[in-house]
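Chain residues, written in single-letter form:
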Amino acid sequence: MTPQKDAQKVSPTSSRTQARVIDAVVEVIARHGISGTTFANVSAAAEVSQGVLVFHFKNKDGLLAETLSRLLQEYGNAWLNAMSANDPLERILGLISVDLSPEICSQKMLALWFSFWGEAGAKPLYNKICVEAEKERHQAMLDSCRELVAAGGGPDPVLLTNSIDAFTDGLWLQMHMQSQPITRAEALESAKSHLRLLIPQHAHRF
């Protein structure tokens, strides 16, 4: 199910119902994981019948795929806003800030992301959705790094891009797994400190 196309085919009431169901799926996955997510507990959380879920999403895979697609669409909208800056360094910092923002990096959202990533290897559909979304985000960071290095020097842009994103992934894992995780503010400052090490010639600018 493609969100943009299907949004044109459903009534406002159906759209609101679907949005409420997606919110319920997020809550259920955060509590029970993907394996523990069922039509029964989603319908209870969303306060709709299981028949409504079948009507809108057909089956559990359809429900979860639509949830993942919508979450990645929201993430995409967030990082696209960060790309509006003319300065490539501002864009890079904006992309990092989005990754560590409350909307993307809450404990609930981290549980959701890691649940889907854990299933992506065994679920080609989840893998396809994730890969397509990540490809665009990766290209945005790479283009910004290339422009920054071309203008003011720095390491190989591909290596710079991979180093930035790998560090952010590590922060996400640390925040998700540790019993006393670092805060988002601490994670953001750590990411900036790491970036200063990667591009010392630009460190005075942030």
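Procedures and definitions
- Residues numbered from 1 in each chain as written.
- Predicted model: local features only at pLDDT ≥ 70, side-chain atom pairs only at ≥ 80, totals over all residues.
- Heavy atoms only, no water.
- Helix = DSSP H or I, 4+ residues; strand = E, 2+ residues; numbered from the N terminus.
- Buried < 20%, exposed > 50% of the residue type's maximum accessible area, 1.4 Å probe, protein only.
- Salt bridge = Lys/Arg side-chain N within 4 Å of Asp/Glu carboxyl O.
- Contact = heavy atoms within 4.5 Å.
- Phe/Tyr/Trp six-rings, centres within 6.5 Å; stacked < 30°, edge-to-face > 60°.
- Axes fitted to C-alpha atoms, helices over the stretch in contact; angles between N-to-C directions.
- Parallel < 35°, antiparallel > 145°, perpendicular 65-115°, else oblique.
- Left-handed = near helix turned anticlockwise from the far one by under 90°.
- Nonpolar A, V, L, I, M, F, W, Y, C, P; charged D, E, K, R; others polar.
- pLDDT = per-residue confidence, 0-100.
- Core = buried A, V, L, I, M, F, W, Y, C linked by side-chain atoms within 4.5 Å.

Here the focus is the overall build of the protein. Counting its regular elements, the protein contains 11 helices and 0 strands. Listing every helix and strand of the protein by position from the N terminus yields α-α-α-α-α-α-α-α-α-α-α. Considered along the principal axes of its C-alpha atoms, the protein spans approximately 60 × 40 × 30 Å. Here the protein, with 206 residues, has 43% of them falling under the buried criterion.

Turning next to the pattern of salt bridges. This structure, assessed with the given rule, holds 9 salt bridges. Notably, a salt bridge pairs Asp87 with Arg205, separated by 2.2 Å at the nearest N-O pair. Of this pair, Asp87 sits in the loop between helix H5 (60-82) and helix H6 (88-99) while Arg205 is found in the segment after helix H11 (184-198), placing the two residues 118 residues apart along the sequence. Arg205 gets classed as partly exposed once you look at its relative accessible area, which sits at 41%. Each of Asp99, Arg137 and Asp165 takes part in salt bridges that share partners, so that together they form one network.

Residue position: Glu147 is located in helix H9 (residues 124-152). Those residues in contact with Glu147 that sit more than four places away from it in its chain are Asn86, Pro88 and Arg91.

Right, let's talk about the packing of aromatic side chains for a bit. Here the structure, examined in full by the defined rule, presents 6 aromatic pairs. Their ring planes at 20° and their centres at 5.6 Å tell us that Trp117 and Trp172 sit as a pair that is stacked. A residue pair is termed long-range when its members are at least 10 positions apart, and Trp117 in helix H8 (residues 107-120) and Trp172 in helix H10 (residues 157-177) qualify at 55 residues. We classify Trp172 as buried; its relative accessible area is 6%. Taken together, the ring pairs in this structure connect Tyr75, Trp113, Phe114, Trp117 and Trp172 into an aromatic cluster.

Now for the packing of H8 against H10. Closest axis-to-axis distance for the H8/H10 pair is 10 Å, and the angle between their directions is 110°. Taken together, H8 and H10 sit at an angle that is classed as roughly perpendicular. The handedness of the crossing between H8 and H10 comes out as left-handed. Within the contact between the two elements, H8 uses Gln107, Leu110, Ala111, Trp113, Phe114 and Trp117 and H10 uses Trp172, Leu173, Met175 and His176. The residue makeup of the contact of H8 with H10, split by class, is 8 nonpolar, 2 polar and no charged.

When you line up the elements, Thr17 lands in helix H2 (residues 12-32). We classify Thr17 as buried; its relative accessible area is 13%. Ignoring anything within four residues of it in the chain, the contact list for Thr17 reads Val48, Val52 and His56.

Moving on, we come to the confidence of the model for the protein. For the protein, the mean per-residue pLDDT works out to 91, and 95% of the residues sit at or above 70. Mean pLDDT across the secondary structure elements of the protein bottoms out at helix H1 (residues 3-7), with 44, and peaks at H6, with 98. Taken together, the stretch residues 1-7 has pLDDT below 50 and engages in 9 contacts with residues farther than four places along the chain or on a different chain.

Okay, unusual backbone geometry next. Here the phi dihedral of Glu47 falls at roughly 60°; this positive angle occurs in a residue that is not glycine. Examined against the element boundaries, Glu47 turns out to sit in the loop between helix H3 (39-46) and helix H4 (50-57). Even without being glycine, Lys58 reaches a positive phi, approximately 75°. On the secondary structure map, Lys58 appears in the loop between H4 and H5.

Time to look at the nonpolar core. Across soluble globular proteins, you tend to see nonpolar side chains buried next to one another. With 55 residues, the main nonpolar core has Val21, Leu100 and Leu195 as its most contacted residues. For this core, the element with the most residues is H5, which contributes 9 residues. Not counting chain neighbours up to four residues away, the residues in contact with Leu195 comprise Leu89, Ile92, Leu93, Ile96, Leu160, Ile164 and Phe206.

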